[in-house]
Amino acid sequence: MIEATLNEWKKWYAENRTEECRAIGNRREELDDDEVFIRLWNSQDGKPPEGGESFNSKAWKKPGSTPAPGLVIVTGKGEPPLILTNQKRREEAAEEVEKWQKQKANKARKPKKSDTDKNAADEKAKKEPPASRFLRKPYQWRCRDCGEEFDATKPKVHCKSNPRQRAEVSRDSTKWFNQFLEDVTWTYVPHSEISTGLIGVIEDEEADALAKKAGESLERILNETEMSAPKYFDLYNERTRYLRVSDLKEHSKFKRVINRIAGWRKAKQKPVSKAPLGVIEIGHAFDEFLEETFENILSEDWAKGERVRFDCGELGVSVGGTPDLNFKGVPVETKTLRVFPHEVPEDKNQKSIFKYKWKKNYAKQAALYLQGVENEFMLLLLISRESGTFTVVPVDDEAMAGMQENWVVWAEKYEKQLDDYKQLLAEE
Ligand SMILES: [Zn+2]
């Protein structure tokens, strides 16, 4: 088992190690049993299975009570810990490390520094979030406007906009891609088996017919297209100047961004110094791969997605985002996942993992995009990164109501931060 909900991991621990166990996350954090985690294998656990990730640093910040940044640990008396993480927590941890490095730099400016401080600093430096690599300078960039690629240590404005930073795809992930492309048959499957009972999925003959048409058309196109492994992928940089659609989905993300966005706007754009490896890198590189593939589609039915804006009344801000594609005038958002639940019926976890991702991410993203367009529904294109199987699901904005309730609470809780942000926008 590599990926499962926390609830499943606790069951696994009870069966394989000890029944008396508990899961520990950040300080005072109440963990959600539905949250999805991947397992990390440390030296005690032995060699990870194929697709699993090994972990070679310290799991605990304080043994038994505080996990290292980015980790959730299931532990029981006399048994080795089960080390868990996920992308969201890794991103949060990266932010924490950055904050800490800044504090360290400030401290270093003060005259005297004792050996105890230094040791503590060395200890902390070892607790970087796992599975990433440092990038070599100069960094690599691509202009958002004209597409020109260039090397530079610092971001240089090109065509009046900040460039996108990218990284070369690592050797391991390139190998993975070459194997994938050798084996893949792009296969469209109707969505009903996968999507029944999920929030936002609409039952409408016309919408279903359009989804089917899109799926069949794409199957033809993908199987006819000559494809190669991506060489680069865009690095994710959380530091944004504007709130984005993706910042409004979850409280932990919104909290991080709204607490820091004013600072980011005042500071210069900073390069990202590290790139992910493993599953996370493959996920990013897959997005790049699809983007390149879709850019070359020559078809009257398919077009690039258009930027949408949406005014969020509850928070008093306007956010923007761009769906990936457009099929016959209907926006299409693409999400990749490792496997579909029906592809691995023996792995019961995949059902709950899929449900969780749908509820927390896919349905919300679609609902948000729909606020910015005239359409009643849009299409979600879901692709399995292991098999190339994909489906197309028509989705409406049912997930809006739940988000609106959250925003009312956030508006009050982060009133000051929101005011600061709006003030900065007004001064632009
Ligand atoms: Zn340019």
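Definitions and limits used
Residues numbered from 1 in each chain as written. Predicted model: local features only at pLDDT ≥ 70, side-chain atom pairs only at ≥ 80, totals over all residues. Helix = DSSP H or I, 4+ residues; strand = E, 2+ residues; numbered from the N terminus. Rg over C-alpha atoms; globule rule 2.2 N^0.38 Å. Buried ≥ 20, exposed ≤ 12 C-beta atoms within 10 Å, placed from the backbone. Contact = placed C-beta atoms within 7 Å. Pairing = 2+ DSSP bridges. Axes fitted to C-alpha atoms, helices over the stretch in contact; angles between N-to-C directions. Parallel < 35°, antiparallel > 145°, perpendicular 65-115°, else oblique. Left-handed = near helix turned anticlockwise from the far one by under 90°. Nonpolar A, V, L, I, M, F, W, Y, C, P; charged D, E, K, R; others polar. Domains from an automatic or database assignment. pLDDT = per-residue confidence, 0-100.

A. Molecular detail of the overall build of the chain. The number of helices and strands found in the chain is 11 helices and 22 strands. For the chain, the C-alpha radius of gyration of 22 Å lies close to 22 Å, the compact-globule estimate for 428 residues. When its C-alpha atoms are laid out on the principal axes, the chain stretches across 70 × 60 × 45 Å. Counting all 428 residues of the chain, 30% fall into the buried class. For the chain, the share of sequence-separated contacts (at least 6 apart) that also reach a separation of at least 24 residues comes to 71%.

B. How the structure looks around the sheet that holds strand S12 (residues 164-168). Pairing is antiparallel in the open sheet, where four strands are placed in the order S11-S10-S12-S14. The outermost strands of the open sheet, each flanked by one partner alone, are strand S11 (149-152) and strand S14 (232-234). Averaged over all pairs of adjacent strands, the angle between strand axes in this sheet comes to 40 degrees, irrespective of strand direction. In this structure, strand S10 (residues 139-142) lies alongside S12, joined through three bridges in antiparallel fashion. Looking at S12, one finds that Gln-140 is bridged to Arg-166.

C. Structural detail: the packing of helix H4 (residues 171-183) against helix H8 (residues 278-295). Closest axis-to-axis distance for the H4/H8 pair is 10 Å, and the angle between their directions is 60 degrees. The pairing of H4 with H8 is recorded here as oblique in orientation. In this structure, the crossing between H4 and H8 has a hand that is right-handed. Here H4 contributes Ser-173, Trp-176 and Phe-177 to the contact with H8, which in turn contributes Glu-281, Ile-282 and Ala-285. Residues of the contact of H4 with H8, tallied by class, amount to four nonpolar, one polar and one charged.

D. Local environment of unusual backbone geometry. Lys-137 connects to Pro-138 through a cis peptide bond whose omega is -5 degrees. Non-glycine residue Lys-160 carries a positive phi angle of around 65 degrees. In this structure, Lys-160 sits in the loop between S11 and S12. Assessed through the 8 C-beta atoms surrounding it within 10 Å, Lys-160 is described here as exposed. Positive phi is not limited to glycine here, since Lys-328 has a value of about 50 degrees.

E. Region of interest: the domain arrangement of the chain. Segmenting the chain into domains produces domain 1 (3-89) and domain 2 (168-426). One C-alpha centre belongs to domain 1, the other to domain 2, and the line joining them spans 27 Å. Opposite the 10 residues of domain 1 that make contact, domain 2 presents nine residues. Secondary structure elements with two or more residues in the side of domain 1 that touches domain 2: strand S1 (3-5), strand S3 (36-41) and helix H2 (87-109). Here the element with the most residues in the side of domain 1 that touches domain 2 is S1; it accounts for three residues.

F. Region of interest: the confidence of the model for the chain. Across the chain, the average pLDDT comes to 88, with 94% of residues at or above 70. Segment residues 111-115: pLDDT under 50, and one contact once partners within four positions in sequence are set aside and those in other chains are kept. This model gives residues 120-130 a pLDDT under 50, and the stretch forms 20 contacts once residues within four places in sequence are excluded.

G. Structural context of the environment of Ala-262. The residue Ala-262 is located in helix H7 (residues 251-266) in this model. The spatial distance from the C-alpha of Ala-262 to the C-alpha of Pro-323 is 26 Å, given a sequence separation of 61 residues. Apart from the residues lying within four places of it in its own chain, the contact partners of Ala-262 are Asp-420, Tyr-421 and Leu-424.

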